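Residue-level structural notes
So the chains spell out like this:
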Amino acid sequence: VLSLIFAAYAIGAQAYHPYFLSQLAKQTKEKESGIETCIALHCAFESGLCVLDSVCFQTLQCMMGCSGQADESQCQFECEMTIGNGNEAFERLLRCMAKNDCFPEVPPDGICLPNPEDTVQTITSIEDVAGDWWVVRGINCGQDDVWRGGYDWYPCQHERYLRIDDGSWINNTTYT
């Protein structure tokens, strides 16, 4: 047992060696390295917290179940919004992944049906949409049996565009 503990310690200590870290960093820059290496290098703590949190772990399992499906992006979005939404451990992991560019490229999950002339032409700045908005129906929802619409699939979205103290804008969205 003592030799196993020492071996685990030696492997763990090696993981923080500058050469080892530089090799991991190099791998994240290579296309074949994948999301796992990026998360292991940059978000190991957040990933561990997520696995220990039952809701976060359930969200990850749901998202892994979407892998390879024709509607993979929409399926994963559904997992995020129906299971992971509001879960602190999941949101912490997502923030870390976004900060460290750990999200993989995914194929488009449907086509955008509107054209530029279909948009509201009078909106020219974020101030024009400040306040509360209700999204009751999206324009790209339900194109076929595979792609059910992703974001527009959620009925009655309450969007709040707010300017915060530092002058930046946030969009708080709730789903009813």
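Provided above is the structure to which this section pertains.
This structure is a prediction, so every number in the text was calculated from the model and none was measured.

What counts, and where the lines are drawn
Residues numbered from 1 in each chain as written. Predicted model: local features only at pLDDT ≥ 70, side-chain atom pairs only at ≥ 80, totals over all residues. Heavy atoms only, no water. Helix = DSSP H or I, 4+ residues; strand = E, 2+ residues; numbered from the N terminus. Buried < 20%, exposed > 50% of the residue type's maximum accessible area, 1.4 Å probe, protein only. Contact = heavy atoms within 4.5 Å. Areas by Shrake-Rupley, 256 points an atom, 1.4 Å probe, with all protein chains shown as cover. Axes fitted to C-alpha atoms, helices over the stretch in contact; angles between N-to-C directions. Parallel < 35°, antiparallel > 145°, perpendicular 65-115°, else oblique. Nonpolar A, V, L, I, M, F, W, Y, C, P; charged D, E, K, R; others polar. Patch = residues over 30% accessible without salt bridge, like charges linked within 9 Å, V, L, I, M, F, W, Y side chains within 5 Å. Salt bridge = Lys/Arg side-chain N within 4 Å of Asp/Glu carboxyl O.

**Concerning the overall build of the protein chain**
Check the secondary structure of the protein chain and you find seven helices and three strands. Scanning the protein chain from its N terminus toward the C terminus, one meets helices and strands in the order α-α-α-α-α-α-α-β-β-β. Out of the 176 residues belonging to the protein chain, those deemed buried represent 23%. Taking as baseline every contact in the protein chain between residues at least 6 positions apart, the subset at least 24 positions apart corresponds to 52%. Of the roughly 12300 Å² that the protein chain leaves accessible, carbon and sulfur atoms contribute 59%.

**Considering the packing of helix 4 (residues 44-52) against helix 5 (residues 54-65)**
Where helix 4 meets helix 5, the closest approach of the two axes is 5 Å, and the angle between their N-to-C directions is 100 degrees. Judged on the interaxial angle alone, helix 5 and helix 4 are roughly perpendicular. Where helix 4 abuts helix 5, its residues C50, V51 and L52 lie against S54, C56, F57 and L60. A breakdown of the residues in the contact of helix 4 with helix 5 according to their chemical character gives six nonpolar, one polar and no charged.

**A word on a nonpolar patch on the surface**
Among the surface-exposed residues, L162, I164 and I170 lie close enough to one another that they form a single nonpolar patch of about 200 Å² accessible area. Its place among the elements puts I164 in the loop between strand 2 (157-163) and strand 3 (169-175).

**Observations concerning the pattern of salt bridges**
Considering all chains together, one arrives at one salt bridge under this definition. The closest approach of N and O atoms between R163 and E127, which form a salt bridge, is 2.8 Å. You can see R163 sitting in strand 2 and its partner E127 sitting in the loop between helix 7 (88-99) and strand 1 (131-135), a full 36 residues away along the chain.

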